[in-house]
Amino acid sequence: KKQNELMIKEQNLMKLEQELSEKLLKEETEKNKELQKTVHNALKELQKENQYSFVFGYNGWGNLIYANDSMDITKEVVYYLNNKSSKK
(Lines give C-alpha, C1' and ligand atoms only; values in the text may rest on other atoms or scores of the structure.)
Protein backbone atom coordinates (compact mmCIF):
# COMPACT_ATOMS: atom_id res chain seq x y z
CA LYS A 1 0.00 0.00 0.00
CA LYS A 2 2.80 2.45 0.92
CA GLN A 3 4.60 1.63 -2.31
CA ASN A 4 1.47 2.45 -4.34
CA GLU A 5 1.04 5.73 -2.45
CA LEU A 6 4.66 6.66 -3.16
CA MET A 7 4.24 5.76 -6.83
CA ILE A 8 1.16 7.98 -7.09
CA LYS A 9 2.99 10.84 -5.38
CA GLU A 10 5.93 10.39 -7.75
CA GLN A 11 3.60 10.45 -10.77
CA ASN A 12 1.92 13.59 -9.45
CA LEU A 13 5.30 15.24 -8.93
CA MET A 14 6.38 14.32 -12.45
CA LYS A 15 3.14 15.74 -13.84
CA LEU A 16 3.61 18.96 -11.85
CA GLU A 17 7.21 19.24 -13.04
CA GLN A 18 6.08 18.89 -16.65
CA GLU A 19 3.31 21.46 -16.22
CA LEU A 20 5.69 23.95 -14.59
CA SER A 21 8.31 23.38 -17.30
CA GLU A 22 5.71 24.06 -19.98
CA LYS A 23 4.54 27.19 -18.15
CA LEU A 24 8.13 28.43 -17.83
CA LEU A 25 8.79 27.83 -21.52
CA LYS A 26 5.63 29.73 -22.45
CA GLU A 27 6.56 32.67 -20.21
CA GLU A 28 10.10 32.69 -21.58
CA THR A 29 8.78 32.72 -25.14
CA GLU A 30 6.46 35.65 -24.35
CA LYS A 31 9.28 37.62 -22.68
CA ASN A 32 11.55 37.00 -25.67
CA LYS A 33 8.82 38.23 -28.04
CA GLU A 34 8.36 41.32 -25.89
CA LEU A 35 12.11 41.96 -25.85
CA GLN A 36 12.36 41.53 -29.63
CA LYS A 37 9.51 43.98 -30.14
CA THR A 38 11.14 46.52 -27.81
CA VAL A 39 14.51 46.25 -29.54
CA HIS A 40 12.87 46.43 -32.98
CA ASN A 41 10.96 49.59 -32.02
CA ALA A 42 14.12 51.14 -30.57
CA LEU A 43 15.99 50.41 -33.80
CA LYS A 44 13.18 51.99 -35.83
CA GLU A 45 13.44 55.17 -33.74
CA LEU A 46 17.24 55.21 -33.92
CA GLN A 47 17.04 54.70 -37.67
CA LYS A 48 14.95 57.85 -37.99
CA GLU A 49 17.52 59.84 -35.99
CA ASN A 50 20.67 58.36 -37.58
CA GLN A 51 19.52 57.30 -41.07
CA TYR A 52 20.86 53.74 -40.85
CA SER A 53 20.35 51.72 -44.01
CA PHE A 54 20.66 48.39 -42.23
CA VAL A 55 21.59 46.85 -38.89
CA PHE A 56 23.13 43.41 -38.51
CA GLY A 57 22.45 41.20 -35.53
CA TYR A 58 25.52 39.71 -33.89
CA ASN A 59 25.77 36.75 -31.53
CA GLY A 60 29.34 35.58 -32.00
CA TRP A 61 28.61 32.94 -34.64
CA GLY A 62 25.86 34.66 -36.58
CA ASN A 63 25.59 36.38 -39.93
CA LEU A 64 28.15 39.09 -39.18
CA ILE A 65 31.71 37.80 -39.14
CA TYR A 66 33.54 41.13 -39.02
CA ALA A 67 32.60 44.78 -38.82
CA ASN A 68 34.51 47.97 -38.35
CA ASP A 69 34.13 49.05 -34.72
CA SER A 70 33.09 52.51 -35.87
CA MET A 71 29.92 50.92 -37.29
CA ASP A 72 28.95 49.33 -33.96
CA ILE A 73 25.77 50.97 -32.60
CA THR A 74 25.32 48.62 -29.65
CA LYS A 75 25.96 51.34 -27.07
CA GLU A 76 23.44 53.66 -28.71
CA VAL A 77 20.78 50.95 -28.78
CA VAL A 78 21.39 49.96 -25.15
CA TYR A 79 21.29 53.63 -24.09
CA TYR A 80 18.01 54.11 -25.96
CA LEU A 81 16.51 50.96 -24.44
CA ASN A 82 17.57 51.92 -20.93
CA ASN A 83 16.57 55.57 -21.11
CA LYS A 84 14.14 56.55 -23.81
CA SER A 85 11.96 53.48 -24.26
CA SER A 86 11.54 52.89 -20.51
CA LYS A 87 9.91 56.32 -20.17
CA LYS A 88 7.14 55.45 -22.62
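In case you missed it, the structure is sitting above this.
Definitions and limits used
In this convention, every chain numbers its residues from 1, walking through the sequence in written order. Local features in this predicted model are restricted to residues of pLDDT 70 or higher, and side-chain atom pairs are both shown and tallied only at a pLDDT of 80 or more, whereas totals for entire chains, interfaces and linings draw on every residue. Based on all heavy atoms of the structure, the side-chain values leave hydrogens and waters out of the count. Strands are runs of DSSP state E lasting at least two residues, helices are runs of H or I lasting at least four, and both sets are numbered from the N terminus onward. The classification of residues rests on relative accessible area computed with a 1.4 Å probe and restricted to protein chains. Under 20% of the type maximum is buried, over 50% is exposed, and intermediate values are partly exposed. Each accessible area is a Shrake-Rupley result for a 1.4 Å probe, and residues are judged covered by the shown protein chains and nothing else. Each nonpolar core is a collection of buried residues, namely Ala, Val, Leu, Ile, Met, Phe, Trp, Tyr and Cys, held together in the definition by side-chain atoms within 4.5 Å. Contacts are assigned to residue pairs with any non-hydrogen atoms lying within 4.5 Å of each other. Here, expected helix span is obtained from the residue count minus one, scaled by 1.5 Å. Note on geometry: axes are lines fitted to C-alpha atoms, helical ones only across the stretch in contact, with angles between N-to-C directions running from 0 to 180 degrees. Angles below 35 degrees are treated as roughly parallel, those above 145 as roughly antiparallel, those between 65 and 115 as roughly perpendicular, and all remaining angles as oblique. Take the far helix as your reference; a near helix turned counterclockwise from it by less than a right angle gives a left-handed crossing, and one turned clockwise gives a right-handed crossing. Patches here: salt-bridge-free residues with over 30% relative accessible area, like charges joined within 9 Å, nonpolar side chains (Val, Leu, Ile, Met, Phe, Trp, Tyr) joined within 5 Å. We define a salt bridge as a side-chain nitrogen of Lys or Arg found within 4 Å of a carboxyl oxygen belonging to Asp or Glu.

## A few points about the overall build of the protein
A tally of helices and strands in the protein yields two helices and zero strands. The buried share of the protein, taken over its 88 residues, is 9%. Entry remark: accessible area of the protein is about 8600 Å², with carbon and sulfur atoms responsible for 55%.

## As for the nonpolar core
In this structure, Ala42, Leu46, Tyr52, Ile73, Val77 and Tyr80 together form the largest nonpolar core, which totals six residues. Residue assignment for this core shows that the elements contributing at least two residues are α1 (2-50) and α2 (74-84). Setting aside its immediate chain neighbours within four residues, Leu46 contacts Gln51, Tyr52, Glu76, Val77 and Tyr80.

## Some remarks on α1
Owing to its 3.6 residues per turn, the α-helix brings residues three or four apart onto one side. Across its 49 residues, α1 extends 70 Å between first and last C-alpha, which sits within 8% of the 72 Å expected from 1.5 Å per residue. Backbone geometry just after α1 places Gln51 at a positive phi near 60°.

## A short note on the environment of Tyr79
With respect to the secondary-structure elements, Tyr79 resides in helix α2. For the pair Tyr79 and Ala42, spaced 37 residues apart in sequence, the C-alpha to C-alpha distance is 10.0 Å.

## Observations concerning the packing of α1 against α2
Helix-helix packing: each pair is described by the crossing angle between the helix axes and the interaxial distance. For the pair α1 and α2, interaxial distance at closest approach is 10 Å and the crossing angle is 110°. Judged on the interaxial angle alone, α2 and α1 are roughly perpendicular. For the pair α1 and α2, the crossing hand works out as right-handed. Residues Thr38, Val39, Ala42, Leu43, Glu45, Leu46, Glu49 and Asn50 of α1 form the contact with α2, whose own contacting residues are Glu76, Val77, Tyr80, Leu81 and Lys84.

## Some remarks on a nonpolar patch on the surface
Taken together, the side chains of Leu13, Leu16 and Leu20 present a nonpolar region at the surface, about 300 Å² in accessible area. Within the secondary structure, Leu20 is located in helix α1.

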